[in-house]
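# A structural walkthrough
Next come the chains, spelled out residue by residue.
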Amino acid sequence: MSARPKLPGRLPREKGAPTALDGLLVVDFTRVVAGPACTQTLADFGATIIKIENPEGGDDSRHYEHADLAGESAAFVSLNRNKRGIALDLTKPEACAVAHELIAKADVVVENFSSGVMKKYGLDYASVAPRHPRLVYCSISAYGRKGPFASRPGFDPITQAESGFMSLNGFPDGPPVRTGPPAVDMLTGMSAVNAILLALLARDRLGRGQHVEVALFDMALAMTQFYGMAYLMSGVNPSRQGNSPNGSPSVGIYHGSDGPFYIACANDRLYRRLVVDVLNRPDLVSGEFGDRRSRSANKDKLRAILSEVFATDSRESWVAKMKAANIPVGYLRTVEEAFNSPEARERHRVSEIPHPKAGSVPNIESPLNMSLTPAIDPVAAPLLGQHTKEVLRDTLGYDEAKIAALAEAGVFGKVLAAAG
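Everything quoted here is computed from the prediction, not taken from an experiment.

### Here's the deal with the sheet that holds strand β9 (residues 251–255)
Taken in spatial order, the three strands of this open sheet run β9-β10-β11, and their pairing is antiparallel. What marks the edges here is a single partner per strand, and that holds for β9 and β11 (329–331). For this sheet, the mean inter-axis angle between neighbouring strands, taken without regard to orientation, is 25°. Relative to strand β10 (residues 260–264), β9 is paired through five bridges, and the arrangement is antiparallel. Considered in β10, the bridge of G252 is made with I263. Across the sheet, helix α13 (residues 315–324) lies against β10 and β11, angled at about 150° from β11, the strand it touches most.

### Side note on the nonpolar core
With 31 residues, the main nonpolar core has F29, L88, L90, V98, L102 and L123 as its most contacted residues. Every element with two or more residues in this core is listed here: β1 (25–29), β2 (48–53), α3 (93–105), α16 (388–394) and α17 (400–408). Per-element tally for this core: the top contributor is α3, with six residues. Leaving out residues up to four positions away in the same chain, L123 has contacts with F29, L90, C96, A99, H100, I103, M118, V128 and Y137. In this structure, L24, V26, V136 and A195 belong to the second largest nonpolar core, which totals 30 residues.

### Quick notes on the sheet that holds strand β5 (residues 83–87)
Pairing in this open sheet of six strands is parallel, and the strands run β5-β2-β1-β6-β7-β8 from one edge to the other. Only two strands of the sheet have a single neighbouring strand rather than two, namely β5 and β8 (211–215). Between one strand axis and the next, the sheet turns through 20° on average, direction left out of account. The pairing of strand β7 (residues 136–141) with β8 spans five bridges and is parallel. Bridge pairing in β8 links Y137 to H211. Those strands touched by α3 are β1, β2, β5 and β6 (108–111), and its axis lies near 145° from that of β1.

### Looking at helix α12 (residues 299–310)
Every α-helix winds through 3.6 residues per turn, so residues three or four apart in the chain are directed the same way. Between its first and last C-alpha atoms α12 spans 16 Å; for twelve residues at 1.5 Å apiece the expected length is 16 Å, and the two agree. Every buried residue belonging to α12 is among L302, I305, L306, V309 and F310, and all of these are buried. Taken end-on, α12 shows its buried residues confined to a sector of 130°, consistent with a single buried face. In α12, the exposed positions that point more than 90 degrees away from the buried face belong to D300 and E308.

### Regarding the environment of D277
Topologically, D277 is positioned in helix α10 (residues 268–278). Sequence spacing of D277 and A325 is 48 residues, and the spatial spacing of their C-alpha atoms is 7.1 Å.

### Quick notes on helix α7 (residues 183–206)
Its 24 residues give α7 an end-to-end C-alpha distance of 34 Å, which sits within 8% of 34 Å, the value for a rise of 1.5 Å per residue. Of the residues one or two after α7, G207 is the one with positive phi, at around 85°.

### Quick look at unusual backbone geometry
Residues other than glycine seldom take positive phi values, yet A70 does so here, at roughly 55°. Its location among the elements puts A70 in the loop between β3 (68–69) and β4 (72–73). With a relative accessible area of 34%, A70 lands in the partly exposed category. Even without a glycine there, the phi angle at N326 is positive, about 60°. Looking at the secondary structure, you find N326 in the loop between α13 and β11.

### A short note on the pairing of β5
The buried count for β5 comes to five of five residues, which makes it a mostly enclosed element. The two faces of β5 match: K83, G85 and A87 on one face and R84 and I86 on the other face are all buried. Where β2 and β5 come together, five bridges link them in parallel fashion. Bridge pairing in β5 places I50 opposite R84.

The rules behind the values
Residues numbered from 1 in each chain as written. Predicted model: local features only at pLDDT ≥ 70, side-chain atom pairs only at ≥ 80, totals over all residues. Heavy atoms only, no water. Pairing = 2+ DSSP bridges. Helix = DSSP H or I, 4+ residues; strand = E, 2+ residues; numbered from the N terminus. Axes fitted to C-alpha atoms, helices over the stretch in contact; angles between N-to-C directions. Contact = heavy atoms within 4.5 Å. Core = buried A, V, L, I, M, F, W, Y, C linked by side-chain atoms within 4.5 Å. Buried < 20%, exposed > 50% of the residue type's maximum accessible area, 1.4 Å probe, protein only. Expected span 1.5 Å × (residues − 1). Arc of directions from axis to C-beta.

Below, the structure written as structure tokens:
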């Protein structure tokens, strides 16, 4: 079994620095990836997130198989830091009443249940908006909350397949390939953050909230980017190009004598710098290789020449020479190599933070950097129902007798005895 990498403690944020979303209360009904990615970003920048989970197992991602520490999965830990977790069995009317009280105090609700679930419990936008006109309510789904496809279940790889996005990934002679990490889920979550913040800005001007929706299919279709636009403009169906967009032989993976690297000499200026200044092959800048179109037309021949040259020296040597010539180049790293790289460590991208059961868990920093309102110091993802009593006392003002009565009614399932 591989050893867990050693990580540094986290550098604390500047003492007294304000947070961007201080005072914002978000009631979070999300689970798995896209929704939790959205609410974690809001949490990172100071919003109070109350994550509501089913007491019978909680968020499905708690049980994902990638890795775990003290029973907490890598998926759950990576998407739920800085949240306060409570357990509510929404099949109980008393639990729905608690949820309604939390919504009454909230600025934002985020949900990504299957279609109809929130309506069944009287927690959908149409049910709560008349009483809370300033509420910003965000729904994340596969195909939207309206229209003929609203009831269809869907997940990241399904929308990658159906949107055409997957057809663009892979090599020309191979099948379409989904992205390894759930790219559509993650970008949908980030876009939901944008939609929520836009709605909050609009609320400040217009005095009322609104329902915002972000659908995985819509996001995947948008992610086809200029490939999709090129089809709409020309009618030509784009094809897979592997690691070399448009078949460019001076963009892609090459191998030194001891390892791979990726170069991106996409224009004539960079290509000339590569073959003249680094490879000492001025013969490759004229004739059949003289411009980008010529190089693409003769890509197999040029790629073979470049591969033969690169094989004569080590990866480190080529990367150093190209960096000195200001050519875009990078090591082709494994995940292990990337997380132990100088870039990751010197930029403080990874750290270790305390955890109530595991002792400590790894932490991957937010990629958003703000000079005045930096991300808060991270707190590990909550145990199932960890903050149930605390939230009910502090946010709703419940006393111990009322909490005990709700526990007796089964509102919190079996987790309250271990909750805070």
